[in-house]
Amino acid sequence: MARHFGKAITVAAALAFTAGTAAVALARIPTGPALDEAMLDDGTDFEEMAMAAPVDAGPLFVADASGAVPACMTDEDVIQQLQADRDQLGGETVMLAGGLEQAFADTWRRQTNADLVEVSTVLAHVLPEGDASFVDVVEIGVDGCALSRTVITGDDWRYLLVQAAGVEA
């Protein structure tokens, strides 16, 4: 697997991306000793965990005023939806870019035995930490439309980010 350490550094810098009026932070990937303690030394065996596979995005978005879900939810539409969810529920909206989006999608789909797809962006709403942590993940295809929308655990999100970035533990 190609290593994306340089991209991980970029991601860790917490740069901001602005789309319209919505600010979207780039993902932060833990590295070094914090990674060892937080993810690998807690006794969790990620290889044996059942991870949610990507789910077709079509029926998983809010319908418009007419009651119809648009045939193509663009990245801008998804950002607006995730920002509205963030405003209501808290948390952070994240965009994976610079090659990390494809590496994330490939890693996730290989981990769950799903068909590989080309993505242009991966967007996520990282819900606030509580008793359990969840992330609403949306893959955007190269045609600019949402391919999948899936809620995964915070542990799965962090694991996939680290694997996608190719950061050695």
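What you are looking at is a predicted structure, and each value in this text was computed from that prediction instead of being measured.

Asker: Could you clarify how one ought to interpret the pattern of salt bridges in this entry?
Answerer: For side chains of opposite charge, pairing can occur when their charged atoms come near one another. Under the criterion given, the structure shown has five salt bridges. We note a salt bridge from Asp-87 to Arg-86, for which the minimum N-O separation is 3.1 Å. Note that Arg-149 is salt-bridged to Asp-136, the shortest N-O span being 2.6 Å. With Arg-149 in strand S6 (residues 146-153) and Asp-136 in strand S5 (residues 134-141), this residue pair connects regions lying 13 residues apart in the sequence.

Asker: How should the packing of aromatic side chains be read in this particular structure?
Answerer: Each aromatic ring pair is characterised by the separation of its centres together with the angle its planes make. Throughout the structure, instances matching the rule amount to two aromatic pairs. Centre to centre, the rings of Phe-104 and Trp-108 are 5.9 Å apart; their planes meet at 55 degrees, and the pair counts as tilted. With Phe-104 and Trp-108 both in helix H4 (residues 100-111) and four residues apart, this pair spans about one turn of that helix. By the burial criterion, Phe-104 is buried, and Trp-108 matches it. Connected via pairs of aromatic rings, a cluster forms that spans Phe-104, Trp-108 and Trp-157.

Asker: What is the right way to look at helix H5 (residues 154-165) in this model?
Answerer: Note on helix geometry: an α-helix contains 3.6 residues per turn, so any two residues three or four positions apart are oriented the same way. Compared with the 16 Å implied by 1.5 Å per residue over 12 residues, the 16 Å span of H5 between its first and last C-alpha is a close match. Most of H5 sits inside the fold, with nine of its 12 residues counted as buried. Every buried residue belonging to H5 is among Gly-154, Asp-156, Trp-157, Tyr-159, Leu-160, Leu-161, Val-162, Ala-164 and Ala-165, and all of these are buried. Gly-166 lies just past H5 and shows a positive phi near 70 degrees.

Asker: Is there a simple way to think about the state of the cysteines in this case?
Answerer: Covalent bonding between the sulfur atoms of two cysteines is what defines a disulfide. Counted according to the given criterion, the structure contains one disulfide. Two residues share a disulfide in this structure: Cys-72 and Cys-145, whose sulfurs sit 1.9 Å from each other. Between Cys-72 and Cys-145 the disulfide shows an S-S torsion of about -105 degrees. By sign, it is left-handed. Of the two residues, Cys-72 sits in the loop between helix H2 (33-40) and helix H3 (75-89) while Cys-145 sits in the loop between S5 and S6, which places them 73 residues apart along the sequence. Residue classification places Cys-72 among the partly exposed residues on the basis of a relative accessible area of 27%.

Asker: Is there a simple way to think about unusual backbone geometry in this case?
Answerer: Excluding glycine, residues mostly carry a negative phi; peptide bonds, for their part, are mostly trans. Its identity as a non-glycine residue notwithstanding, Asn-113 has a phi of 55 degrees, on the positive side. Among the secondary structure elements, Asn-113 is positioned in the loop between H4 and strand S4 (119-126). Note on Asn-113: relative accessible area 72%, which makes it exposed.

Calculation notes
- Residues numbered from 1 in each chain as written.
- Predicted model: local features only at pLDDT ≥ 70, side-chain atom pairs only at ≥ 80, totals over all residues.
- Heavy atoms only, no water.
- Salt bridge = Lys/Arg side-chain N within 4 Å of Asp/Glu carboxyl O.
- Helix = DSSP H or I, 4+ residues; strand = E, 2+ residues; numbered from the N terminus.
- Phe/Tyr/Trp six-rings, centres within 6.5 Å; stacked < 30°, edge-to-face > 60°.
- Buried < 20%, exposed > 50% of the residue type's maximum accessible area, 1.4 Å probe, protein only.
- Expected span 1.5 Å × (residues − 1).
- Disulfide = S-S within 2.5 Å.

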